[in-house]
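Coordinate inspection notes
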Amino acid sequence: MGQKSKQVASFQEAVADIPDGSTIAFGGFAMPGTPFNLIRALMEHGAKRLTLVANTTGGAQQPRMPDIGMLVENGQVAKVICAFTAATRPTDVLPFTKYYESGEVEAELVPQGTLAERLRAAGAGIPAFYTPTAVGTELAEGRETRVINGREYLLEYALPLDYAFIRARRADAAGNLRFHRSQRNFNPVMATAASCTIAEVDEAILPAGAIDPDDVHTAGIFVHRLVQVPPAPEGLWPTKRQERAR
Amino acid sequence: MGQKSKQVASFQEAVADIPDGSTIAFGGFAMPGTPFNLIRALMEHGAKRLTLVANTTGGAQQPRMPDIGMLVENGQVAKVICAFTAATRPTDVLPFTKYYESGEVEAELVPQGTLAERLRAAGAGIPAFYTPTAVGTELAEGRETRVINGREYLLEYALPLDYAFIRARRADAAGNLRFHRSQRNFNPVMATAASCTIAEVDEAILPAGAIDPDDVHTAGIFVHRLVQVPPAPEGLWPTKRQERAR
Amino acid sequence: MSETRQKGVNRQQIADRVALEFQDGWIVNLGVGIPTMCSNTDIGDRDITYHSENGVIGYGGVAPAGEEDLNLVNAGGQNVTLKPGAAVVHHADSFGIIRGGHIDATVMGAYQVSMRGDFANWKLAGQKGGGIGGAMDLAACAKRVFIILEHVTRKGEPRLVEACDLPVTARGVVTLVATNYGLFEPTGEGFLLREIAPGLTVEEIRASTGGTLTVAPNLGPMRMAG
Amino acid sequence: MSETRQKGVNRQQIADRVALEFQDGWIVNLGVGIPTMCSNTDIGDRDITYHSENGVIGYGGVAPAGEEDLNLVNAGGQNVTLKPGAAVVHHADSFGIIRGGHIDATVMGAYQVSMRGDFANWKLAGQKGGGIGGAMDLAACAKRVFIILEHVTRKGEPRLVEACDLPVTARGVVTLVATNYGLFEPTGEGFLLREIAPGLTVEEIRASTGGTLTVAPNLGPMRMAG
């Protein structure tokens, strides 16, 4: 291992082979860990009828960054699987909402923990599992439940991905990744669930072995392509700023 | 957090309140990560009718170290849940075998990955899950299976623990842990599954915050008691030897 | 929400009252909005670990301007600091902590809470879709669910109701409700008023509360922090 | 096992033949015993990542005496080294890798393998309990299951059988079998002999094999490494 680098030269090259109809997940919770540069490349690439998986559909932050809402506006999206199809504050209107309400785009609303666990299950070869989350709610209507040790649980299925787009702080050529603070969020889980994981990386890609094996957050076997984020303004989202030394 | 240290003074104190009939898991795969000092303290403590969870029943290595076989010989064990009730080589006879064959001790043989996943499920609030492992074998006889996307899976249940005995390389006072290399194995998973996790630690316990939050392997919220392993011969198993600098 | 429009205690005081419930050693998840303000409350030397859905365990206050780590946010997207002993895990492990029952208390806002302990906070009437986030996981799995809300809507309608008419987040889970009017416990048969905010009367509260209101024998004034 | 007692190629040569199947970029899990010897084989510049059940990804050879890290072992308990780019995960994540289908090939020893691709390696006849370890997870979930065994038992009975009479580890999963006699593929209707070890004849092999033996049209000599 480690003889060949997984680094590719550009975001364009990293997404070039993505076919129409793919299922693609995007890491990120609020801004940290969101692969903005890969999303922008996917907009330029133009793949259509995509199913997108993410925590939110985006569009709440200002200035606007590349997000699912933009891919929807770009006519590339058939379906979204996420934990928010609307903002928590009813007064915030997401760009996605009008496409969803008109029926142009389908959505599957999934509790955040169930979403994370369905992705983890896909990566870990668990086809289905039971969870207490959403029992007794509208989301459980008509679905299979089961009582175990006196409590009712909902059956949930694994959510496998064709591609995962993620963002990390540091990588070595073998694809081992480290994340900084809450940049981690969904990224390691999505990486395990995808046939092809593409990581945009804040720092220059290191030689294989430069990250101690005990310090790896996502093992290189789950990562297929690496792209280094260039400095702003070419690269989106500050790659490193104001980090508190501990 | 971090205002009070989780360190206790001795192995005796760490296990003093363990009642008869408890379910206790032991980390470790081969020698690394095995809490030999806590096992020895449990033998001195004398709690009875225990259910023990571990990869193996032990007893294959020489010189003999405190293990499940010794607890069985000490009359403390009602049942063992593990991936080996016999050695892989039929010529190796484990001390446990004679108690098992005579019916003095019960055993539940579980594939290693299913064992790890049942523990993970207990810690993560998943009461049951489906797995392809052991389908079509003697272990699946009479048990519930289900076909999902054309493949047959076995239903497995979470395995919650009263106590987890684990071993780590480094800890801070808040209970955050780091493991060295394959010392990690079952330890982080068992820690999440237990009501009370007790960790024996190779190095002196550090002040809270001495481990960078990105470098924590097991979060302190899963760890309740810490004991530092004293130098040999008082402390069992070399705490640090011949580690290759990378 | 306008502070002048509403009777009773203010938002920070509601949060303070809930924070007084936190016990030494608890792991607590605070929702977006008023619940976040619980971390401002002085509860002495009680050692509380704050957990955020994105995997941050042991965060502290909001980072001072100019000292933010942009890659460190709480569930509300605020740039926070870390306390000594903090740790970061990924999203599946973070919800393993929630689902596994390792959270001692979750504090959330809501549109409605019922006397059976149901509550609704993810979808408005007539809305397609909604914003669930981590609320259903937290509601179903935390050891205690504390709800903070203003006692009545802008139109003056009760938010404490006999039964939720909005889609619920979870059923039968709420153990404590704090509003600007007082502190309540859903008992199944009604809301038990345990503490009353200054300037309110039991009869005023009863008139603004759906379902049955009962009054604790030891009814006291709403406790304040500090 | 005595090398002089058995006909055909030796143990390292069996392991070599299996290792030749490994393709560039594969992630491979090697079982205890002869399978471990696959990592000694020279297969040129093909880039193989060896995975061990205890969560070590990317281990290398056995550590030289005096340079062992006692806390670093492979599945057989040997003190191994790490290659550049190695990573360590915990047991649930390690079996997530296995169960999730991320292992390209697993190589295991066995007592018996059947012409339908079942195999048995965890329990002997009449034994109470057994040693499963990670074998059932690997057998059910790796993309390819390669079995290494000696062609006959000490008593001279076939280990390649029509149907296993020992309790199986998994059913219908074996894609390739290497023995000291040759290289075989379980086809469902029999064992297809693809390569034959030096000094053996097809008739000798047929006499020592349970079930039906068919011979590949392009039957060749057993390939050797280097």
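Residues numbered from 1 in each chain as written. Chains lettered and ligands numbered in written order. Predicted model: local features only at pLDDT ≥ 70, side-chain atom pairs only at ≥ 80, totals over all residues. Heavy atoms only, no water.

1. Some words on the packing of helix α5 (residues 112-124) of chain B against helix α2 (residues 91-99) of chain D
Definition in use: Every angle, taken between N-to-C directions, lies between 0 and 180 degrees, and every axis is a line fitted to C-alpha atoms, over only the stretch in contact when it is a helix. Strands are runs of DSSP state E lasting at least two residues, helices are runs of H or I lasting at least four, and both sets are numbered from the N terminus onward. Throughout this description, any angle smaller than 35 degrees is read as roughly parallel, any larger than 145 degrees as roughly antiparallel, any in the 65 to 115 degree range as roughly perpendicular, and the remainder as oblique. Helix crossings fall into two classes, left-handed where the near helix is turned counterclockwise from the far one by less than a right angle and right-handed where it is turned clockwise. Note on definitions: a residue-residue contact is assigned when non-hydrogen atoms from the two residues lie within 4.5 Å. Note that Gly is not counted as nonpolar here; it falls among the polar residues with everything else outside the nonpolar set of Ala, Val, Leu, Ile, Met, Phe, Trp, Tyr, Cys and Pro and the charged set of Asp, Glu, Lys and Arg.
One way to put it is that α5(B) packs onto α2(D) with a least axis distance of 9 Å and a crossing angle of 125°. One finds that α5(B) runs oblique with respect to α2(D). Judged by the twist between their axes, the crossing of α5(B) over α2(D) is left-handed. For the pair formed by α5(B) and α2(D), the contact residues are Gln112(B), Gly113(B), Ala116(B), Glu117(B) and Arg120(B) on the first element and His91(D), Ala92(D), Phe95(D) and Arg99(D) on the second. When grouped by side-chain class, the residues that make up the contact of α5(B) with α2(D) number three nonpolar, three polar and three charged.

2. Remarks on the relation of the copies chain A and chain B
Using the following cut-off: The copies are overlaid by a least-squares fit using only the C-alpha atoms of residues whose pLDDT is at least 70 in both copies.
Expressed as a screw transformation, the operator carrying chain A onto chain B has a rotation angle of 180° and an axial translation of 0.0 Å, and the superposed copies differ by an RMSD of 0.0 Å. The transformation relating the two chain copies, once decomposed into turn and shift, fits a two-fold axis. Closest approach to the rotation axis among the C-alpha atoms of chain A is made by Phe129(A), whose C-alpha sits 2.1 Å away. A share of 100% of interface residues in chain A that are also interface residues in chain B marks the association as one of identical surfaces.

3. Some remarks on the sheet that holds strand β12 (residues 225-228) of chain A
Residue and element names in this part refer to chain A. We count it as follows: For two strands to pair, DSSP has to find at least two bridges joining them.
Taken in spatial order, the seven strands make up an open sheet running β4-β3-β2-β1-β8-β11-β12, and their pairing is parallel. In this open sheet, the two edge strands, each paired with only one partner strand, are β4 (106-109) and β12. The mean angle between the axes of side-by-side strands here comes to 20°, regardless of whether they run parallel or antiparallel.

4. Considering the environment of His91(D)
Inclusion rule: A 1.4 Å probe rolled over the protein chains alone gives each residue an accessible area, and that area as a share of the maximum for its type sets the label: buried under 20%, exposed over 50%, partly exposed in between. Pairs of N or O atoms within 3.5 Å make up the polar contacts considered here, provided that, within protein, one atom can donate a hydrogen while the other can accept it, and that residues adjacent in sequence are counted only when both atoms are side-chain atoms.
Structurally, His91(D) can be placed in helix α2. For His91(D), a relative accessible area of 0% puts it in the buried group. Counting along the chain gives 37 residues from His91(D) to Asn54(D), while the straight-line C-alpha distance between them is 5.7 Å. With near-sequence residues (within four places) excluded, His91(D) lies in contact with Phe29(B), Gln112(B), Ala116(B), Asn185(B), Phe186(B), Val189(B), Glu53(D) and Asn54(D). At 2.8 Å, the side chain of His91(D) forms a polar contact with the side chain of Gln112(B).

5. Looking at the interface of chain C and chain A
Convention followed: Summed over both partners, the accessible area (1.4 Å probe) lost when two parts come together is defined as the buried area. A pairing counts as a salt bridge when a side-chain nitrogen of Lys or Arg comes within 4 Å of a carboxyl oxygen of Asp or Glu.
Each partner contributes to the interface: chain C provides 45 residues, whereas chain A provides 48 residues. Across the chain C to chain A interface the summed buried area is about 3800 Å²; carbon plus sulfur atoms make up 57%. Contact with chain A buries area across many residues of chain C, yet Leu70(C), Asn71(C) and Lys128(C) alone supply 19% of it, more than any other trio. There are two salt bridges connecting chain C and chain A. One salt bridge connects Glu117(A) with Arg99(C), and the closest N-O pair in it is separated by 3.7 Å. The tally of links between chain C and chain A comes to 19 residue pairs in polar contact (both at pLDDT 80 or more). Split into classes, the residues belonging to the side of chain C that touches chain A amount to 21 nonpolar, 14 polar and 10 charged.

6. Here's the deal with the interface of chain A and chain B
The partner chain B presents 27 residues to the 27 residues of chain A that form the contact. Summed over both sides, the interface of chain A with chain B buries roughly 2300 Å², with 42% coming from carbon and sulfur. When the buried area of chain A at its contact with chain B is split by residue, Pro127(A), Tyr130(A) and Asp214(A) rank highest and sum to 25% of it. Across the chain A-chain B interface, the total number found is 10 salt bridges. In this structure, Asp214(B) engages Arg181(A) in a salt bridge whose closest nitrogen and oxygen atoms are separated by 3.2 Å. At the junction of chain A with chain B, the criterion picks out 19 residue pairs in polar contact (both at pLDDT 80 or more).

7. Side note on the confidence of the model for chain A
Where we set the bar: The predictor's confidence in any single residue is recorded as pLDDT, a number from 0 to 100.
Chain-level statistics for chain A give a pLDDT mean of 93 and a share of 96% at 70 or above. Residue range residues 240-246 of chain A is modelled with pLDDT below 50. Its contacts to residues more than four positions away, or to other chains, number 21 contacts.

8. A few points about the packing of aromatic side chains
Quick note on the threshold: Pairing of aromatic rings covers Phe, Tyr and Trp, the last through its six-membered ring, and needs centres within 6.5 Å; plane angles under 30 degrees mean stacked, over 60 mean edge-to-face, and all others mean tilted. Each ring is checked for a lysine NZ or an arginine CZ that lies within 6 Å of its centre and within 35 degrees of its normal; such an atom marks a charge sitting over the ring.
Inspection of the entire model under this criterion finds 11 aromatic pairs over all chains. Across from the ring centre of Tyr100(A), 4.6 Å away, lies the NZ or CZ of Lys128(C), which sits over that ring.

9. Here we look at the sheet that holds strand β9 (residues 160-161) of chain C
Residue and element names in this part refer to chain C. Spatial strand order, β7-β6-β9: three strands in an open sheet with mixed pairing. One side of each edge strand has no neighbouring strand; the edge strands of this open sheet are β7 (119-120) and β9. In the sheet, strand β6 (residues 112-114) pairs with β9 via two bridges, with the strands oriented parallel. Bridging across to β9, valine 113 finds its partner in leucine 160.

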